[in-house]
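Single-letter residue listing:
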Amino acid sequence: MTLPRPGVYERRAWWANRKAVADYYDTTLDQLTEDSRDGQLIEAWHNCPVTERYVLDLAYTQAPGPVDDDEDWA
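Presented here is a report on the structure given in the accompanying data block.

The rules behind these values
- Residues numbered from 1 in each chain as written.
- Predicted model: local features only at pLDDT ≥ 70, side-chain atom pairs only at ≥ 80, totals over all residues.
- Heavy atoms only, no water.
- Helix = DSSP H or I, 4+ residues; strand = E, 2+ residues; numbered from the N terminus.
- Buried < 20%, exposed > 50% of the residue type's maximum accessible area, 1.4 Å probe, protein only.
- Areas by Shrake-Rupley, 256 points an atom, 1.4 Å probe, with all protein chains shown as cover.
- Phe/Tyr/Trp six-rings, centres within 6.5 Å; stacked < 30°, edge-to-face > 60°.
- Lys NZ or Arg CZ within 6 Å of the ring centre and 35° of its normal.
- Polar contact = N/O pair within 3.5 Å; in protein donor to acceptor, adjacent residues only side chain to side chain.
- Contact = heavy atoms within 4.5 Å.

Our focus in this paragraph is the overall build of the chain. When its secondary structure is counted, the chain shows two helices and two strands. If you list the helices and strands of the chain from N to C, you get β-α-α-β. Classification of the 74 residues of the chain by burial places 9% in the buried group. Here the chain displays about 6,800 Å² of accessible surface, and carbon together with sulfur accounts for 50% of that area.

Printed below as a string of structure tokens:
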């Protein structure tokens, strides 16, 4: 992701429909058997009745501060 300019950003992340998609996927896996035809899981995944949505909101708050190259991140 390319940000519009360097600096400090506040962030907020949220998502929707994670649980519904996970439940659909788990139910689909439970219904598969050794006799299930090839591609049935892929077809079910493409026909999922809900869509997961992820959002990352970023808001520029200030210019970047000085970089301390001596800082140990290990």
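Moving on to the packing of aromatic side chains. For the structure on display, the rule yields two aromatic pairs. With 5.4 Å between their ring centres and 80° between their planes, Tyr9 and Tyr60 make a pair best called edge-to-face. Residue Tyr9 is located in strand E1 (residues 8–16), and its partner Tyr60 is located in strand E2 (residues 53–62); the two are separated by 51 residues in the primary sequence. For Tyr60, a relative accessible area of 29% gives the class partly exposed. Residues Tyr25 and Trp45 carry aromatic rings whose centres are separated by 5.2 Å and whose planes lie at 85° to one another, so their mutual orientation is edge-to-face. On the criterion of sequence distance, the pair formed by Tyr25 in helix H1 (residues 18–31) and Trp45 in helix H2 (residues 40–46) is long-range, its members being 20 residues apart. On the accessibility criterion, Tyr25 (32% relative accessible area) is partly exposed. Accessibility expressed as a relative area gives 41% for Trp45, which makes it partly exposed. Taking NZ or CZ as reference, Arg5 lies 3.5 Å from the ring centre of Tyr60, over its face. Taking the ring centre of Trp15 as reference, the NZ or CZ of Arg18 above it sits at 5.0 Å.

The subject of this paragraph is the side chain of Thr28. By the secondary structure assignment, Thr28 is in helix H1. The class of Thr28 is buried, set by a relative accessible area of 10%. Within the structure, the side chain of Thr28 is placed 2.8 Å from the backbone oxygen of Tyr24, a separation counted as a polar contact. Discounting chain neighbours no more than four positions away, the residues touching Thr28 are Leu41 and Ala44.

This next bit is on the environment of Ser36. Relative to the assigned elements, Ser36 resides in the loop between H1 and H2. Spatially, the C-alpha atom of Ser36 lies 31 Å from that of Ala16, the residues being 20 residues apart in sequence. Within the structure, Ser36 has its side chain in polar contact with the backbone nitrogen of Thr33 (distance 2.8 Å).

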